[in-house]
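What follows is the residue order along each chain.
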Amino acid sequence: MRVLSLFDGMSCGRIALDRVGINVTSYHASELDKYAIQVTQANWPETVQLGDVTQWREWDIDWKGIDLLIGGSPCQGFSFAGKQLAFDDPRSKLFFVYVDILKHIKTLNPTVKFMLENVKMKKEYLAVISDQLGVEHVFINSLDKSPCARPRYYWANWAVGPVNNESGNFYVNALKNDLIVMSQGWNKWWIKNKEFQLKKGYSKIVSAEEKGITMTARQYASWNGNFVNINGVICKPGKKSLANLAGAPLSYFDCVSQRQAELMTGNGWTVDVIVHIFNAMDKAL
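So, a few notes on the structure that sits alongside this text. (Residues numbered from 1 in each chain as written. Predicted model: local features only at pLDDT ≥ 70, side-chain atom pairs only at ≥ 80, totals over all residues. Heavy atoms only, no water.)

What follows concerns the sheet that holds strand 3 (residues 48–49). Overall, mixed pairing links the seven strands, which are arranged 3-2-1-4-5-7-6 in an open sheet. On the outer flanks of this sheet lie strand 3 and strand 6 (137–141), each paired with one strand and no other. Both strand 2 (residues 26–30) and strand 3 contribute to a ladder of two bridges, which runs parallel. Along strand 3, the bridge assignment pairs histidine 28 with valine 48. (Pairing = 2+ DSSP bridges. Helix = DSSP H or I, 4+ residues; strand = E, 2+ residues; numbered from the N terminus.)

Below is the structure:
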């Protein structure tokens with residue numbers, strides 16, 4: 001397949017295609033974050049980086065040859081955690097750039113496959129996206145496929161069946177003995193703030209047979225996120241554990257810092273869910 005990935009991030013779509021066994025003959029990516037690009041090029045050096053999605057009309061690519069368009073347009077305007085400016089938010093307005101690109105490809109290749117991902121949002125926003133894309137959304141919470149929650153909507157122009165719950169896929173089992181001990185300062189802060197953090201669902205001390213809360217871009221930088229208690233010592237996942245939690249190869253973040261790995265897993269897709277979606281596409285081809 002010849003793939004165009006918008007808002008590509010850490011290239012979770014590329015990982016999923018590889019895991020499904022789909023032969024990717026070309027992968028073009030639109031991304032601005034230099035660290036995400038660094039990770040992509042370190043792991044998939046044949047990726048063609050295109051830059052700013054708003055400049056797509058200047059891209060020198062074979063539009064007719066694109067077989068699959070994927071992307072997760074910025075969610076800040078739709079998220080219940082934000083101001084919910086929806087399409088008035090300049091970041092979430094980029095959804096319409098995705099639509100423009102899809103329409104352009106369809107004029108040249110009417111059979112192009114496409115998939116879009118975004119956060120939980122109000123029904124009126126869902127209706128606009130579904131109307132623009134011409135397909136209905138599918139809701140999947142990553143809890144059923146991975147060690148952490150991530151409730152998301154997906155739009156695809158092929159049938160995506162329900163996700164079967166995979167028991168035993170617990171958070172602690174994904175950590176690969178790669179942990180970072182939290183500082184004394186964090187421990188003092190935790191004693192003072194843990195009741196609020198736990199009640200709000202911003203933080204969780206994940207026990208042996210539990211799933212974690214949703215990983216976000218704010219995790220650990222503001223001391224939110226999933227933690228484990230190892231013999232009375234509170235720890236967070238290191239880079240290899242973060243990669244495994246996301247569904248990426250263990251060495252995926254070797255070229256960037258711990259903080260950048262945390263940001264990317266918070267902003268990225270759950271690869272196991274995308275594998276489920278792409279498996280359905282592969283069977284439909």
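Moving on from the coordinates now.
Another point: the nonpolar core. Formed by 42 residues in total, the largest nonpolar core has its most connected members in Met115, Trp158, Phe253, Ile277 and Phe278. Of all the secondary structure elements, the ones that give two or more residues to this core are helix 1 (12–20), strand 2, helix 2 (34–43), strand 4 (68–71), strand 7 (151–156), helix 6 (239–246), helix 7 (258–267) and helix 8 (271–284). It is helix 8 that contributes the most residues to this core, eight residues altogether. Non-local contacts of phenylalanine 253, meaning those with residues more than four positions away in its chain, are made with Met10, Val39, Lys239, Leu242, Ala243, Ala261, Met264 and Thr265. Trp56, Ile61, Trp63 and Leu116 belong to the second largest nonpolar core, which has 30 residues in total. (Core = buried A, V, L, I, M, F, W, Y, C linked by side-chain atoms within 4.5 Å. Buried < 20%, exposed > 50% of the residue type's maximum accessible area, 1.4 Å probe, protein only. Contact = heavy atoms within 4.5 Å.)

Right, let's get into the packing of aromatic side chains. Two measures describe an aromatic ring pair: the distance that separates the ring centres and the angle between the ring planes. As enumerated under the stated definition, the model contains 12 aromatic pairs in all. Measuring from centroid to centroid gives 6.1 Å for tryptophan 59 and tryptophan 63, while their planes differ by 10 degrees, and the two rings are stacked. Summarising the burial analysis for this pair, tryptophan 59 and tryptophan 63 share the class buried. Aromatic pair tryptophan 186 and tryptophan 190: ring centres 5.2 Å apart, planes at 10 degrees, arrangement stacked. Of this pair, tryptophan 186 and tryptophan 190 both sit in helix 5 (residues 184–200), four residues apart, which is roughly one turn of the helix. The class for tryptophan 186 is buried, based on a relative accessible area of 0%. On the accessibility criterion, tryptophan 190 (8% relative accessible area) is buried. Here the aromatic cluster, defined as three or more aromatic residues joined through ring pairs, consists of Trp186, Trp190, Tyr220 and Phe227. If you follow arginine 14 out to its NZ or CZ, it ends over the ring of tryptophan 44, 4.2 Å from the centre. (Phe/Tyr/Trp six-rings, centres within 6.5 Å; stacked < 30°, edge-to-face > 60°. Lys NZ or Arg CZ within 6 Å of the ring centre and 35° of its normal.)

Remember, this is a structural readout, not a statement about activity or role.
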